[in-house]
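Reading the structure
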Amino acid sequence: VQLQASGGGLVQAGGSLRLSCVASGRTFSSYHMAWFRQAPGKEREFVAVISRSGGRTMYGSFVKGRFTISRDNAKNTVSLQLNSLEPEDTAVYYCAADTRYYYDPSTNSDNYYYWGQGTLVTVSS
């Protein structure tokens, strides 16, 4: 599985961005898909996850309704809409695929074997 993330950039506080991640392969619909982020000098943290069918989503506690994860299995794409961005959201955002078949969506990065290259989001104050 290869993952290609895009959509990052520089935005002012309060602004919005939409991140996208395209996956290779024909079994995208069998993966739970997630976004994580890593800010400079900090550990990677969970942002959001969406189940295989898209029927279940979970978010990190800091999201507070500002971000929305979605997927289009016909296009092998998972997206993350970022609204009301704050300087504290500045980080490299990574998409990741959980290919374990018998498990629920996870917030633990250890359960994600495939990772995209990351896309940088910079929020200015």
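Just above sits the structure.
This text gives an overview of the structure that appears in the document. Numbers given for residues are sequential positions, taken from 1 along each chain in its written order. pLDDT decides what is reported in this predicted model: residues at 70 or higher carry local features, side-chain atom pairs at 80 or more are listed and counted, and totals for whole chains, interfaces and linings draw on all residues regardless. Hydrogens are left out, water is left out, and the side-chain values use all remaining heavy atoms of the structure.

**With respect to the nonpolar core**
Residues grouped as a nonpolar core are buried Ala, Val, Leu, Ile, Met, Phe, Trp, Tyr and Cys residues, joined through side-chain atoms within 4.5 Å. Residue exposure (1.4 Å probe, protein chains only): buried if accessible area is under 20% of the type maximum, exposed if over 50%, otherwise partly exposed. Among the nonpolar cores identified, the biggest contains 29 residues, and Trp35, Val47, Phe67, Leu80, Leu82 and Tyr93 are the most heavily contacted of them. Put simply, the parts of the chain that give this core at least two residues each are strand E1 (3-6), strand E3 (17-23), strand E4 (32-38), strand E5 (45-50), strand E7 (67-72), strand E8 (77-82), strand E9 (91-98) and strand E11 (119-124). With sequence-adjacent residues up to four places away left out, Phe67 is seen in contact with Arg37, Val47, Tyr59, Phe62, Leu80, Gln81, Leu82, Asn83, Leu85, Asp89 and Tyr93. Core analysis: the next-biggest nonpolar cluster, separate from the first, contains six residues, Phe46, Val49, Ala96 and Tyr112 among them. Only DSSP runs of H or I reaching four residues or more are called helices, and only runs of E reaching two or more are called strands; each is numbered from the N terminus. Contacts: residue pairs with any heavy atoms within 4.5 Å of one another.

**Digging into the side chain of Thr77**
Position of Thr77 among the secondary structure elements: in strand E8. For Thr77, a relative accessible area of 14% translates into the label buried. In terms of polar contacts, Thr77 uses its side chain to reach the backbone carbonyl oxygen of Lys75, at 2.8 Å. Residues within four places of Thr77 in sequence aside, it is in contact with Ser20, Cys21, Val22, Phe28, Ser70, Arg71 and Asp72. In the analysis that follows, any N or O atom pair within 3.5 Å is treated as a polar contact, provided that within protein one partner can donate a hydrogen and the other can accept it, and provided that, for residues neighboring in sequence, both atoms belong to side chains.

**Quick notes on the packing of aromatic side chains**
For any pair of aromatic rings, the description rests on two quantities: the centre-to-centre distance and the angle between the ring planes. Here the aromatic set is Phe, Tyr and Trp, taking the six-membered ring for Trp, and pairing holds for ring centres within 6.5 Å; pairs whose planes are under 30 degrees apart are stacked, those over 60 apart are edge-to-face, and all others are tilted. The tally for this structure, following the rule as stated, stands at eight aromatic pairs. With centroids separated by 5.2 Å and ring planes inclined at 90°, the aromatic side chains of Tyr101 and Tyr102 adopt a geometry described as edge-to-face. Ring centres 6.4 Å apart and planes at 65° place the aromatic pair Tyr112 and Trp115 in the edge-to-face group. For Trp115, a relative accessible area of 27% corresponds to the partly exposed category. Here the aromatic residues Phe36, Phe46, Tyr94, Tyr112 and Trp115 are joined through ring pairs into a cluster of three or more. The aromatic ring of Tyr94 is capped on one face by Arg44, whose charged end is 4.3 Å from the ring centroid. Charge-over-ring contacts are defined here by two conditions on Lys NZ or Arg CZ: a distance within 6 Å of the ring centre and an angle within 35 degrees of the ring normal.

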